[in-house]
Amino acid sequence: AVREGYERFDPRAYLQNNYVPPRADFSSEECVVPWKLRCLAETFASGEIHGRTLIDVGSGPTIYQLLSACDHFEEIVATDFLAVNREELRRWARGEPGAFDWSPFIQHVCKIEGRGLRGRLRRILPIDVHRAEPLGAPLRPPADALLSAFCLEAVSPDLAAFGRALAHVGSLLRPGGHALLLGALGESFYLAGAARLPVVPLSPADVRGALSDAGFVLRD
Ligand code: SAH
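Residues numbered from 1 in each chain as written. Predicted model: local features only at pLDDT ≥ 70, side-chain atom pairs only at ≥ 80, totals over all residues. Heavy atoms only, no water.

In the nomenclature of an unreviewed UniProt entry, the protein is known as PNMT methyltransferase of Penelope pileata. Its UniProt record gives the protein a comment under Sequence similarities (unreviewed entry), which states: "Belongs to the class I-like SAM-binding methyltransferase superfamily. NNMT/PNMT/TEMT family." (UniProt positions renumbered as here; feature names shortened; annotations may be inferred.)

In this section: the site of the ligand. Around the ligand sit 22 residues in total, of which Tyr 14, Tyr 19, Tyr 64, Asp 80 and Ala 149 are the nearest. Tyr 19 places a polar side-chain atom, nitrogen or oxygen, 2.6 Å from an oxygen atom of the ligand. Between the ligand and the protein, one listed contact pairs a nitrogen atom with a backbone N or O atom of Val 129 at 2.9 Å. Taken by itself the ligand offers 570 Å² of open surface, and the protein chains cover 99% of this. (Near = heavy atom within 4 Å. Polar contact = N/O pair within 3.5 Å; in protein donor to acceptor, adjacent residues only side chain to side chain. Areas by Shrake-Rupley, 256 points an atom, 1.4 Å probe, with all protein chains shown as cover.)

Burial of nonpolar side chains together is a common tendency in soluble globular proteins. Core analysis: the largest hydrophobic core is formed by 71 residues, its most contacted members being Tyr 6, Tyr 19, Trp 102 and Phe 105. For this core, the element with the highest residue contribution is strand E4 (residues 143-149), accounting for five residues. With residues near it in sequence (within four places) discarded, Phe 105 still touches Tyr 19, Ala 24, Phe 26, Val 33, Leu 37, Tyr 64 and Leu 67. (Core = buried A, V, L, I, M, F, W, Y, C linked by side-chain atoms within 4.5 Å. Buried < 20%, exposed > 50% of the residue type's maximum accessible area, 1.4 Å probe, protein only. Helix = DSSP H or I, 4+ residues; strand = E, 2+ residues; numbered from the N terminus. Contact = heavy atoms within 4.5 Å.)

Attention shifts here to the side chain of His 168. Of note, His 168 is situated in helix H7 (residues 159-170). The buried category is assigned to His 168, whose relative accessible area is 16%. Setting aside its immediate chain neighbours within four residues, His 168 contacts Val 129, His 130, Arg 131, Ala 132 and Pro 134.

For the rest of this paragraph, the subject is the pairing of strand E2 (residues 73-80). With seven of its eight residues buried, E2 lies for the most part within the structure. Of the strand pairs in this sheet, strand E1 (residues 51-56) and E2 are connected by five bridges, and their pairing is parallel. Looking across to E2, one finds that Asp 56 is bridged to Ala 78. As defined by bridge partners, E2 adjoins strand E3 (residues 121-126) across five bridges and the pair is classed as parallel. Within E3, the position partnered with Asp 80 by the bridge is Pro 126. (Pairing = 2+ DSSP bridges.)

Okay, here's the thing in structure tokens:
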């Protein structure tokens, strides 16, 4: 059922719903978009999370989540289940006309730091977090860090599936690597055009339990 829902996922409608005003309101630090950008900027500013490869799981059609990361890795791998989303990312990566305009996000992040993502976004790959081998083959070398924003809870029918997905994507990471998870608690659905996508509503305790079951140690 979740997979069928994603057949109707419309990248442009998703971007329109979530990443243009009024949702993408940069005027208040309390709004979700500046909040997400601030969480990521602060996390990477610690200097603790860096390495050769960062893999982003379920990138969707968005790159905002990689802006603060790109300074700290040589290579960034974006992934998504849907070809339409990977195409949307390639349009942006190639700087093609008609690509979504991320410049307000880039400007906002540049206010906090600055730098270019295009040169480091080297691979855009298909992924399915419900498979034990999400990329179909091991990532070589494994990622030093893993990022996933608003994906795992948005593609899992229940808490058990969320926990398994977390363990699956954990296998992309080197031992001792860091995972950064951004997402929604207690969310039940979101919209992407004609598609109304179910989300598994999670409590903080659900997330803590799933992290420890998947072998992660919660830092923050
Ligand atoms: N990271 C983006 C997109 C989140 S929407 C953001 O922060 O806005 C959830 C994404 O999960 C969609 O792009 C969808 O195509 C992707 N997805 C759907 N099924 C998936 C699966 N089985 N494995 C990995 N990603 C999946």
